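Next come the chains, spelled out residue by residue.
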Amino acid sequence: MKDNHMNMATDTVTELAARLDSAEQDRIETNSLADDIDIDVDAAYAIQEELVARRCARGENLVGVKLGFTSRAKMAQMGVSEIIVGRLTDAMEVAEGESVDLSRFIHPKIEPEIAYRISADIDFDGPVPDIAAYVDAVAPAMEIIDSRYRDFRFTYTDVVADNTSAAAYAIGRWRPLQDVSNRAVRLSTSGTVVEGSTNAVLDDPANAVRELLEIARRRRIPLRAGYVVLAGAATAATPLTTGSVECEVEGLGTVSLKGIA
Ligand code: OOG
Ligand code: MG
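Attention in this report is confined to the structure presented alongside it. Computed from a prediction, not measured in an experiment: that's the story for all the values here.

1. Considerations on the packing of aromatic side chains
Argument step 1. One pass over the full model with this rule turns up one aromatic pair.
Argument step 2. When the ring centre of phenylalanine 152 is taken as origin, the NZ or CZ atom of lysine 109, which lies over that ring, is 4.0 Å away.
Argument step 3. The positively charged end of arginine 117 is found above the aromatic ring belonging to tryptophan 174, 5.2 Å away from the centroid.

Right, dumping it as structure tokens:
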């Protein structure tokens, strides 16, 4: 039986968040929530918030946000064509060059990203500020995504509820905020090289930050000084296996990590 509520009951939100949380902690994929229940986008964000609250209750701290499906390559790969926002915690951070134990994940993939750093708490009730007023730095980055759904198959609301597949991320050296449009991007793993351009992200990754402000205002997702923002992958994601991975963004340098068994 499908359950369809305009405003999903709190216990249903709690139950679905617990299901995704267990999938992540036990590394056992779960079925699409859409197989059992109809959830709308508001309910999906409520589940995401509850899921992240559970992580914070275990001692993790919010350190940023991430955007998803800001490039056609990602939309085409996953069949979702609307921008999504997820939360990053300190437990997801991988220091530059460090090893990552792949047994933490179910079926990890890696993708090239641009990271921006928020420099001031954003007041959603004030006028929309210029990007330079609230972002002070930019860096090459990589994101490890790990859907908690079977075979990485999900609907739009599923992936929002699952904190947009967020699993881990690495950030290279911060540079002062600058125009990073039209830069070549290359992600090399032991077996593959994927190449693209930062223009794949909404013509300029800075536009992803502008979009974020809109969505965060609408959804009341706080954006605080010091937060990291991942603008969304410029290319399709690649399976993450053991060995070194490096992402190079023209003019911004590189960021690397090492997958270990
Ligand atoms: C969802 C996350 C998408 C991006 O950069 O577009 C994302 C997924 O593909 O599992 O992080
Ligand atoms: Mg991503």
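2. Focus: helix α2 (residues 41-57)
Argument step 1. Taking 1.5 Å per residue, 17 residues should reach 24 Å; α2 reaches 24 Å between its end C-alpha atoms and fits that length.
Argument step 2. Elements in contact with the buried residues of α2: α1 (10-26), β1 (62-68), β2 (84-89), α5 (156-161) and α6 (205-219).
Argument step 3. Backbone nitrogen of aspartate 42 and a side-chain oxygen of the N-cap are separated by 3.3 Å at the start of α2; the cap is aspartate 40.
Argument step 4. Looking one or two residues past α2, glycine 59 carries a phi angle of roughly 110°, positive in sign.

3. Re the site of ligand 1
Argument step 1. Taken together, the neighbourhood of ligand 1 is formed by 17 residues, with Lys66, Lys74, Glu111, Ser165 and Ala233 sitting nearest.
Argument step 2. The side chain of glutamate 111 places a nitrogen or oxygen atom 2.8 Å from an oxygen atom of ligand 1.
Argument step 3. At 3.0 Å, a side-chain N or O of glutamate 143 approaches an oxygen atom of ligand 1.
Argument step 4. Within the complex, 100% of the 320 Å² of free accessible area of ligand 1 lies under protein.
Argument step 5. Here the residues of the shell around ligand 1 are counted per class, giving eight nonpolar, four polar and five charged.

4. Considering the packing of α1 against α2
Argument step 1. Running from amino to carboxyl end, α1 crosses α2 at an angle of 55°, the nearest separation of the two axes being 8 Å. The angle between α1 and α2 falls in the class oblique. Crossing hand, α1 versus α2: right-handed. Along the contact surface, α1 presents Val13, Thr14, Leu16, Ala17, Ala18, Leu20, Asp21 and Glu24, while α2 presents Ala46, Ile47, Glu50, Leu51, Arg54 and Arg55.
Argument step 2. Residues of the contact of α1 with α2, tallied by class, amount to eight nonpolar, one polar and five charged.

Cut-offs and rules
Residues numbered from 1 in each chain as written. Chains lettered and ligands numbered in written order. Predicted model: local features only at pLDDT ≥ 70, side-chain atom pairs only at ≥ 80, totals over all residues. Heavy atoms only, no water. Phe/Tyr/Trp six-rings, centres within 6.5 Å; stacked < 30°, edge-to-face > 60°. Lys NZ or Arg CZ within 6 Å of the ring centre and 35° of its normal. Helix = DSSP H or I, 4+ residues; strand = E, 2+ residues; numbered from the N terminus. Expected span 1.5 Å × (residues − 1). Contact = heavy atoms within 4.5 Å. Polar contact = N/O pair within 3.5 Å; in protein donor to acceptor, adjacent residues only side chain to side chain. Near = heavy atom within 4 Å. Areas by Shrake-Rupley, 256 points an atom, 1.4 Å probe, with all protein chains shown as cover. Nonpolar A, V, L, I, M, F, W, Y, C, P; charged D, E, K, R; others polar. Axes fitted to C-alpha atoms, helices over the stretch in contact; angles between N-to-C directions. Parallel < 35°, antiparallel > 145°, perpendicular 65-115°, else oblique. Left-handed = near helix turned anticlockwise from the far one by under 90°.

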